[in-house]
Amino acid sequence: MAKEWVAVAYEEDFFVGQIEKKLANKVRVTFLEQKKDTFFSWPKRKDRADIKPAFIFCRNLEVLQEKDNYIVKHLTELRQKFEGFSSKYFSQNN
């Protein structure tokens, strides 16, 4: 589980990160920041949060590293998964 790439849903958007470690009822995730269309990188200041596993809507992402940039494979499909997750769990009508 540690070092696994995941996508975490927030109400407004999703973020890609890597699990650092498992906690009692959560996992600690360190997030990448999106630079341009498909490029991500580690932010200068570490962005990490303790996340309930229910908000991880996609696991075992394929992330490629090219120098200081990271590319998340199948980003379009990932965005579609997020839209489905978001409408199901964050909808105003629930």
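Residues numbered from 1 in each chain as written. Predicted model: local features only at pLDDT ≥ 70, side-chain atom pairs only at ≥ 80, totals over all residues. Heavy atoms only, no water.

Caption draft 1: The arrangement of the overall build of the protein in detail. When helices and strands are counted, the protein shows one helix and nine strands. When the helices and strands of the protein are listed from N to C terminus, the series reads β-β-β-β-β-β-β-β-β-α. Here the protein has a C-alpha radius of gyration of 13 Å; the compact-globule value for 94 residues is 12 Å, and the two agree. Its C-alpha atoms give the protein principal-axis dimensions of roughly 45 × 35 × 25 Å. In the protein, which comprises 94 residues, the proportion classed as buried is 37%. Taking the contacts inside the protein whose residues are at least 6 apart along the sequence as the reference set, 50% of them involve residues at least 24 apart. Carbon and sulfur atoms make up 46% of the accessible area of the protein, which amounts to about 6600 Å² in all. (Helix = DSSP H or I, 4+ residues; strand = E, 2+ residues; numbered from the N terminus. Rg over C-alpha atoms; globule rule 2.2 N^0.38 Å. Buried < 20%, exposed > 50% of the residue type's maximum accessible area, 1.4 Å probe, protein only. Contact = heavy atoms within 4.5 Å. Areas by Shrake-Rupley, 256 points an atom, 1.4 Å probe, with all protein chains shown as cover.)

Caption draft 2: Representation of the environment of Ala7. Among the structural elements, Ala7 can be located in strand β1 (residues 5-9). Judged by relative accessible area, Ala7 falls into the buried class, the value being 0%. Put simply, Ala7 and Phe82 are 75 residues apart on the chain and 8.6 Å apart in space, counted from C-alpha to C-alpha. Not counting the four nearest positions on each side in its chain, Ala7 is found in contact with Phe14, Phe15, Phe55, Ile56, Phe57, Cys58, Leu61 and Leu78.

Caption draft 3: Inspection of the packing of aromatic side chains at higher detail. Summed over the entire model, instances satisfying the criterion amount to 13 aromatic pairs. Between the aromatic rings of Tyr10 and Phe31, the centroid separation amounts to 6.4 Å while the plane-to-plane angle is 65°, which identifies the pairing as edge-to-face. Separated by 21 residues along the polypeptide, Tyr10 in the loop between β1 and β2 (14-22) and Phe31 in strand β3 (residues 27-31) bring together distant segments of the chain. A residue is classified by how much of its surface remains accessible, and Tyr10, at 31% relative accessible area, is partly exposed. On the basis of relative accessible area, Phe31 is assigned to the buried category, the value being 3%. (Phe/Tyr/Trp six-rings, centres within 6.5 Å; stacked < 30°, edge-to-face > 60°.)

Caption draft 4: Quick peek at the sheet that holds strand β5 (residues 39-41). Strand order in this open sheet of four strands is β4-β5-β9-β8, and the pairing throughout is antiparallel. Each edge of the open sheet carries a strand with a single partner, namely β4 (33-36) and β8 (63-66). Recorded for the sheet is a direction-independent mean angle of 40° between the axes of neighbouring strands. Bridge count for β8 against strand β9 (residues 69-72) is four bridges, and the pairing is antiparallel. Across the sheet, residue Leu64 finds its bridge partner in β9, namely Ile71. (Pairing = 2+ DSSP bridges. Axes fitted to C-alpha atoms, helices over the stretch in contact; angles between N-to-C directions.)

Caption draft 5: Here's a closer look at the pattern of salt bridges. Taken as a whole and judged by the stated rule, the model has six salt bridges. A salt bridge links Glu4 to Arg59; the nearest nitrogen and oxygen atoms lie 2.9 Å apart. Within this pair, whereas Glu4 is found in the segment before β1, its partner Arg59 is found in strand β7 (residues 56-59), the two being separated by 55 residues in sequence. Glu20 is the partner of Lys46 in a salt bridge, and the nearest nitrogen-oxygen pair spans 4.0 Å. Here Lys46 is found in the loop between β5 and β6 (48-51), whereas its partner Glu20 is found in strand β2, with 26 residues between them in sequence. For Lys46, a relative accessible area of 55% puts it in the exposed group. Looking at Glu20, the relative accessible area reads 26%, which means it is partly exposed. One connected set of salt bridges, linked through shared partners, spans Glu20, Lys46 and Arg48. (Salt bridge = Lys/Arg side-chain N within 4 Å of Asp/Glu carboxyl O.)

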